[in-house]
Amino acid sequence: MPATNIDTKTHENGKKHAEKPMGKADSKFLPHLVTKLPGPNAKKIVDLDHEILSPSYTRDYPLVAKRGRGAMIEDVDGNTFLDFAAGIAVVSTGHCHPKVVAAIQQQAAELIHMSGTDFYYPNLVELAEKLASIAPGKGAKRVYFGNSGTEAIEAAMKLARYHTRRDKIIAFYGSFHGRTMGALSLTASKAVQRKGFGALLAGVIHMPYPNMYRGSHGIHPETATADCLAFLENEVFKRLADPEEVAAIVIEPIQGEGGYMPAPAEFLQQLQKICRKHGIMLVMDEVQSGMGRTGKWWACNYSEVEPDIICTAKGIASGMPLSAMISRAEVMDWKPGAHASTFGGNPVCIAASLATIDLLEHEYIANSRKMGEFIVAQTAKWPEKHRSVGDIRGRGLMIGIEFVKDKKTKEKAPELRNHLVKAAFDKGLLVLGAGDNSLRLAPPLLINEEQASFAIETLDACITEAERSL
Ligand code: PLP
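Residues numbered from 1 in each chain as written. Predicted model: local features only at pLDDT ≥ 70, side-chain atom pairs only at ≥ 80, totals over all residues.

**Focus: unusual backbone geometry**
Rule in force here: Strands are runs of DSSP state E lasting at least two residues, helices are runs of H or I lasting at least four, and both sets are numbered from the N terminus onward.
That bond from leucine 37 to proline 38 is cis: its omega, -10°, falls within 30 degrees of zero. The backbone of arginine 165 shows a phi angle near 55°, a positive value even though the residue is not glycine. Relative to the helices and strands, arginine 165 resides in the loop between helix 6 (149–164) and strand 5 (168–172). Of note in this structure, serine 318 is not a glycine but carries a positive phi near 55°. With respect to the helices, strands and loops of the structure, serine 318 is situated in the loop between strand 11 (309–312) and strand 12 (323–328).

And the structure:
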């Protein structure tokens, strides 16, 4: 990566840098392609990868990353890209933030591993205290550490069953909660994720999510909240599971993999009431939406609900593998030996997380809110301007754009979405799909206006070009 593209000032929101014209190759903040894609080195690695790696991985384009700084990624041929995928919404403070790198290096030189399962160490407590203080709700909390989002969800499922001594769990169509057998039982995003794995966990019931664009059953978005609540009361509770047998309702306050679709605040509030009435654990899966991505610590802060259990991972440690399951203190009543993990809460990951949280708190959550508002304002007219853009929604830097073949019928346009992901890559912009037919914008939370504008203009151009050939 040329020095101009890897300067540590990339981390400073660009405030100190003069605005540069869009697309200029000499900008520190914008992509610069020097080969056809994939370049020769990238092609070699992609070919080898296809021979040796698990074929279950899903790669949309041949990006072979060599190093990253801020929101920029350099590939093995010297091409630089603007990263609006952030390693699936993970590198919240950007790639290799100097403060995060320093914290990792310092901790690695002191103590790499001990296992919180059997031993004590100071930063385990420090991070738990910090997470407990930012988790929604005023009361005392307890924290369990894992290594991935799916482990946090497994822990939440087990804790909810243990605490309530009930076995049914309610989750939502379109949800993604992970891929281990318990979390996969809750996941109802794509059949391919479940296909071939046989019977999953008994006692899991799925219900419609209040989709504000499509409605709860593909109709009536304006009554989605009421329709979903009626489904829960009249169908689930009356036909499938008495509420007294339900251990937990697990929900993403913004469905991630399901299309970056926020649940209405009123729905979450009503869900909380129902849970409290029946002694059901309300579990928020904020693995993707948490840690400041939405411009507040948690997406559920927008509805002011206080879940019994909250799960977080992805953005928590800027790319180091860590997750946390945080509950009201009285809920975490399981006994020694009931649940644990050898690696969960590794000291190096925790050091990265403490540095990450400090950066989020002092700078990047506010930037996420500001840049999110900027992007939403700049793209507000796209549904009028582009015949294929059905909906744009999101909070902070968790923004979804949904593509349709027909605005009236809302017929989904997955091929167009797939084409756009690839077309953006060819112009140096990394994005990912979400759901059947949406694009997700999930950059590191430090992007500046120049980068946001580049992403908007690039996508705008890709959509315009694609619509010409429709
Ligand atoms: N929950 C949500 C909302 C997610 O988006 C994901 C991953 O995308 C998971 C859980 C699983 O996390 P992981 O892939 O770290 O196991």
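Additional details are given in the paragraphs that follow.
**Some details on helix 5 (residues 122–134)**
The condition is simple: By definition here, a helix of n residues has an expected span of 1.5 Å times n minus one. The exposure scheme places C-beta atoms from the backbone and then counts, for each residue, the other C-beta atoms within 10 Å of its own, assigning buried at 20 or more, exposed at 12 or fewer, and partly exposed in between. By definition, the arc is the one covered by directions from the helix axis to the C-beta atoms. A residue pair is marked as a contact if its C-beta atoms, positioned from the backbone, fall within 7 Å.
With 13 residues, helix 5 extends 19 Å from end C-alpha to end C-alpha; this agrees with the ideal 18 Å at 1.5 Å per step. Asn123, Leu127, Ala128 and Leu131 are the residues of helix 5 that are buried. In a view along the axis of helix 5, the buried residues occupy a sector of 140°, so they form one face of it. Opposite its buried face, helix 5 presents the exposed residues Pro122, Glu129 and Ser133, each directed more than 90 degrees away. Looking at the buried positions of helix 5, the neighbouring elements they touch are strand 4 (141–146), strand 12 and helix 10 (347–379).

**Side note on the domain arrangement of the chain**
Quick note on the threshold: For every domain, the bounds stem from an assignment made automatically or drawn from a database.
Along its sequence, the chain is carved into domain 1 (82–97 + 364–469) and domain 2 (101–359). Distance from the C-alpha centre of domain 1 to the C-alpha centre of domain 2: 25 Å. Put simply, the parts of the chain that give the side of domain 1 that touches domain 2 at least two residues each are helix 3 (86–89), helix 10, strand 13 (389–395), strand 14 (398–406) and strand 18 (438–441).

**Topic: the sheet that holds strand 6 (residues 204–207)**
What counts here: Two strands make a pair as long as DSSP finds a minimum of two bridges between them. Each axis is a line fitted through C-alpha atoms, taken for helices only over the stretch in contact, and angles between the N-to-C directions span 0 to 180 degrees.
The strand order across the open sheet formed by seven strands is 4-12-11-10-7-5-6, and the pairing between neighbours is mixed. With partners counted over all chains shown, the strands left at the sheet margins are strand 4 and strand 6, one partner each. Averaged over neighbouring strand pairs, the angle between their axes works out to 20° when direction is ignored. Pairing geometry for strand 5 and strand 7 (residues 246–251), over three bridges, is parallel.

**Things to note about helix 8 (residues 224–240)**
What counts is decided by this rule: Bending is quantified residue by residue as the angle between axes fitted to the seven-residue window ending at that residue and the seven-residue window starting at it.
Here helix 8 is 17 residues long, yet its end C-alpha atoms lie only 21 Å apart, well below the 24 Å a rise of 1.5 Å per residue gives. The largest bend in helix 8 amounts to roughly 30° and is located at leucine 232. Among all positions of helix 8, only Ala224, Thr225, Cys228 and Leu232 are buried. Of the surrounding secondary structure, the elements contacted by the buried residues of helix 8 are strand 6 and helix 9 (265–278).

**Structural notes on the environment of serine 216**
In this fold, serine 216 is placed in the loop between strand 6 and helix 8. Through-space distance from the C-alpha of serine 216 to that of leucine 186 is 18 Å; in sequence the pair is 30 residues apart. In this view, serine 216 contacts Pro208, Pro210, Asn211, Ala224, Asp227, Cys228 and Phe231; residues no more than four positions away in its chain are not counted.

**Some details on the site of the ligand**
The condition that has to hold: Should the C-beta atom of a residue, placed from the backbone, lie within 6 Å of a molecule or strand, that residue is near it. The residue classification treats Ala, Val, Leu, Ile, Met, Phe, Trp, Tyr, Cys and Pro as nonpolar and Asp, Glu, Lys and Arg as charged. All others, Gly included, are polar.
The full set close to the ligand counts 15 residues, and Gly149, Thr150, Gly178, Val287 and Gln288 are the nearest of them. Of all the elements, helix 6 adds the most residues to the shell around the ligand, at three residues. Among the residues making up the shell around the ligand, the classes are represented as five nonpolar, seven polar and three charged.

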